[in-house]
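Each chain, written out:
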2 protein chains.
Amino acid sequence: MTRKAAIIGGGVIGGGWAARFLLNGWDVAIFDPDPQAERKIGEVLDNARRALPALYDRALPPEGRLSWHDDLASAVADADWVQESVPETLALKHKVLGQLGALAPANAVIGSSTSGFKPSELNAEGARAIVAHPFNPVYLLPLIELVGEADTCARASTLLREVGCYPLTLRKEIDAHIADRLLEAVWRESLWLVKDGIATTEEIDEAIRMGFGIRWAQMGLFETYRIAGGEAGMKHFMSQFGPALSWPWTKLMDVPEFNDELVDLIASQSDSQSGHMTIRELERLRDDNIVGMLRALRRTGTGAGGVITAHEAALPAPLPADLPVTADRQVPTSWTDYNGHMNDAEYLRAASDATDRFIEMIGADAAYVAAGHSFFTVETHTRYLAEVHAGDRLRITTQVIEGAGKRMHLFHRMTRADGELAATVEVMLLHVDLKSRATCPPGPAVAANLSQYAAAHAGLPAEGIGRHVGERSKASPQTEPA
Amino acid sequence: MTRKAAIIGGGVIGGGWAARFLLNGWDVAIFDPDPQAERKIGEVLDNARRALPALYDRALPPEGRLSWHDDLASAVADADWVQESVPETLALKHKVLGQLGALAPANAVIGSSTSGFKPSELNAEGARAIVAHPFNPVYLLPLIELVGEADTCARASTLLREVGCYPLTLRKEIDAHIADRLLEAVWRESLWLVKDGIATTEEIDEAIRMGFGIRWAQMGLFETYRIAGGEAGMKHFMSQFGPALSWPWTKLMDVPEFNDELVDLIASQSDSQSGHMTIRELERLRDDNIVGMLRALRRTGTGAGGVITAHEAALPAPLPADLPVTADRQVPTSWTDYNGHMNDAEYLRAASDATDRFIEMIGADAAYVAAGHSFFTVETHTRYLAEVHAGDRLRITTQVIEGAGKRMHLFHRMTRADGELAATVEVMLLHVDLKSRATCPPGPAVAANLSQYAAAHAGLPAEGIGRHVGERSKASPQTEPA
């Protein structure tokens, strides 16, 4: 049965939560008194639809139903999750969380997006909320910090994993949880650096993203330092840098005075650093970068990359069809090129993934490969028939032209969501022994599955196969992507 | 004339500097009293050769000459750059930097890798060094913090850009420069979190790499917060979070006592977090992740990605040959698959880049595309003839089979460094008007260049063209990569 989330206020953060749930198939009910809420959250949803599905090599479930509400009661009715993201004042949190506790189903998780308040503070007047602290953009970054009652946090973790998040449950409640304590330390130090004229906001950003920021995105602080310690290990590293604790390496024994002068200084430096781009442009650039880096981390399964592949494995399989559907995915911006459409090489990337999927379907899976056999591609032929753009949904069906002995000849048809045939890809593969790297017949089970498909597909048409490049004929395509 | 760098001590850091210079064509002379130096630095060089060239789509210059020295004088003779990376004690720095100042050429940059000392401290006894503070792995992370005498820093910046670094020159000297102040703040806060039992080292790493670490890798702190401020802007963001400065959001008004108990706690948690991997395995995983993320950032030219593409544009062009060389590059690990070799789709990725390069060569460059015309691929055919592995160097030559009117038929030959023909890729492209997306003849200059190549290549053989997939013939390849 479809799950339901109720989003209570919060603009960008609430919108990010809404997108995370909605694009994972949940129904989402929004209560946000801000007259601009529908526009603001709509813009977040547009960004999310552009970025989140591009993290995956398979389609996310169909979107849930989005509804807007003027009263809390109808918003939270039947909700599995209620997320409060109102402004960061304790009195307001008490009021809203008190009402939510009374109105929401007893088994619903009530999460607060608070950056700094502890559950004991949030629930001081009888509410039953836990801290569920997300990170912007909520639809892309998997981390959710959970603090509060143990059973509720456990239920919350299960639900969050269903929507591709990484729940991190704190052992004890503490002001600002974990990540914001680190961010606050860096923020304070950075304010000093700007105030003292050591560096501008842009120089500080470069000092982060040209160096340790890239390390932290994939391993964090301690594993990075473990490597720095080298063969001598973590103790050696600490003995090296331990003394620095007593050196004047930070000004954090003191706090800069937060006055208009400092605010104006930061704001004006930020304007000259980033003022040439609108917030929307910055958001799209940020999302494209994050999608690209997370897709890179998928390769090794490190950190957030591992979260995505684990989530993807749990996504619903495509519906059955006359021909097996071997791909159903959204085109990431990183697949497009200077001609403003999907680069020619990415057509084969999508087809190659489809070939892998079909090979799995006939039983040549990871275990089969680990046991020493696989299929190698010996030849491919691609006809580019229609342009494909970032965000387009691609569906690939696979037809077996020949499947006997060690030979497997496949014919992929790639269609856009509008039904247009974007490309056909012919692939000849040979079955090989991975030790000798020489060809050999597949195992009996794989051979049987393959010949079944071959027999079933034998009668079907396969327009445009057997062409060689440059052949002039009706089947010759007219224009397509470079 | 070949430049020379002298590397004075430093194990992993010195080795990283050596790799950065050596792989960019500099001669490198090493002085390191550590009896293990040759092995340690050799291992860093192995890692660097595996990772650094994979950042680029073009080959780096041929490696320079590496030499080992027992005396400072011969090491620093004729050096353009002398880099000191001895242990972090001021007395030792004074001794070594004093000798280097006397022995090194007057115009040589003398840089110190110090994490925290100021130039005024380093040069207190008459040395002439500047701070040139790198970040591990030095061969991959572009950031170098420069502090010291202005003219020397300016010369240092020029040299560092030549080897693909991003020099950041500080406006004033300060203990620990910029990045280490931020790192020290996070380090101190993290020690508190572990000491107080709020989180383990692993939980802190997850709190970083599952969330803000991914943001920082591409935009840093202030630009990220500018986005968080949304339409209301940076001032709005600061007005929201300014008050937190007076809240108990960090414990940095105090410093944790650095005793054996704390060291053991951190070390044992780090062991259970990462102890299942050796340091070498962690280094290779880190490097694969960083290469993958930096290649993703190349797409948008953001931060370190922009540094790589700028550096690449300045790399030497391939040598002339009978057929134009349209690619000469190293295969990144991310291009390989579960069969332990380059994935079939990446053969077309490499060929597609080669096609783009050839299109530039005939004058259809970025300006030509911006003016509204380009070539679209309509058909490709690939024969997979030999396996290619991570780290292999690939060279592609391009032959024009047909180049007249709006048609361009190319034949790419892809060879490994051992001369083995790995693949041939046939590509048919049509020239198009980017507004109407319809075919049309190219401009006169492009047409003339193309027909010149066509005429020059007309007589040459083109083995295996005109095949269709599955065709049975001598030309049929025997086994290859999936």
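Residues numbered from 1 in each chain as written. Chains lettered and ligands numbered in written order. Predicted model: local features only at pLDDT ≥ 70, side-chain atom pairs only at ≥ 80, totals over all residues. Heavy atoms only, no water.

1. So, the environment of L45 of chain A
- Mapping L45 of chain A onto the fold places it in helix α2 (residues 37-51).
- Residue contacts for L45 of chain A: discarding those within four places in its chain leaves A18, A19, L22 and L66 of chain A. (Helix = DSSP H or I, 4+ residues; strand = E, 2+ residues; numbered from the N terminus. Contact = heavy atoms within 4.5 Å.)

2. Things to note about the packing of aromatic side chains
- In the structure shown here, the tally under the stated rule is 21 aromatic pairs over all chains.
- Their ring planes at 80 degrees and their centres at 5.3 Å tell us that Y225 of chain A and W187 of chain B sit as a pair that is edge-to-face. Here Y225 of chain A, found in helix α9 (residues 222-229), pairs with W187 of chain B, found in helix α7 (residues 179-195), and the two come from separate chains.
- Every member of this aromatic cluster is reached through a ring pair, and the members are W17, F21, W26 and W81 of chain A. (Phe/Tyr/Trp six-rings, centres within 6.5 Å; stacked < 30°, edge-to-face > 60°.)

3. Some details on the domain arrangement of chain A
- Parsing chain A into structural domains produces domain 1 (4-177), domain 2 (187-276) and domain 3 (318-457).
- Taking only C-alpha atoms into account, the centre of domain 2 of chain A sits 47 Å from that of domain 3 of chain A. (Domains from an automatic or database assignment.)

4. Topic: the UniProt feature "binding site: NAD(+)" (unreviewed entry) in chain A
Residue and element names in this part refer to chain A.
- According to UniProt, the feature "binding site: NAD(+)" (unreviewed entry) maps to G9, G10, G11, V12, I13 and G14 in the numbering used here.
- For G9, the position within the fold is in the loop between β1 (4-8) and α1 (11-22).
- Here G9 is in contact with G14, F31, D32 and S85, once residues within four sequence places are set aside.
- Positionally, I13 belongs in helix α1.
- Exposure remark for I13: the relative accessible area of 25% places this residue in the partly exposed category.
- With residues up to four places along the chain from it excluded, the contact list for I13 reads S85, S113, P134, N136 and V138. (UniProt positions renumbered as here; feature names shortened; annotations may be inferred. Buried < 20%, exposed > 50% of the residue type's maximum accessible area, 1.4 Å probe, protein only.)

5. Regarding the sheet that holds strand β4 (residues 81-84) of chain B
All names here are of chain B.
- Strand order in the open sheet formed by eight strands is β3-β2-β1-β4-β5-β6-β7-β8, and the pairing between neighbours is mixed. Two strands bound the open sheet, and with one partner strand each, they are β3 (66-69) and β8 (166-169). Direction aside, the axes of adjacent strands within the sheet are offset by 25 degrees on average.
- Where strand β5 (residues 109-112) and strand β6 (residues 130-133) come together, two bridges link them in parallel fashion. When the sheet's bridge partners are listed, S112 is paired in β6 with V131. (Pairing = 2+ DSSP bridges. Axes fitted to C-alpha atoms, helices over the stretch in contact; angles between N-to-C directions.)

6. Examining the interface of chain A and chain B
- Taken together, the contact between chain A and chain B spans 166 residues of the former and 166 residues of the latter.
- Both faces combined, the contact of chain A with chain B buries some 16,000 Å², and carbon together with sulfur accounts for 64% of it.
- Connecting chain A to chain B are 14 salt bridges.
- Salt-bridge contacts for E346 of chain B lead to R349 of chain A; the nearest nitrogen and oxygen are separated by 2.9 Å.
- The interface formed by chain A and chain B holds 60 residue pairs in polar contact (both at pLDDT 80 or more) in total.
- At 18 residues, helix α8 (residues 201-219) of chain A tops the list of elements feeding residues into the side of chain A that touches chain B. (Buried area = accessible area lost by both parts, 1.4 Å probe. Salt bridge = Lys/Arg side-chain N within 4 Å of Asp/Glu carboxyl O. Polar contact = N/O pair within 3.5 Å; in protein donor to acceptor, adjacent residues only side chain to side chain.)

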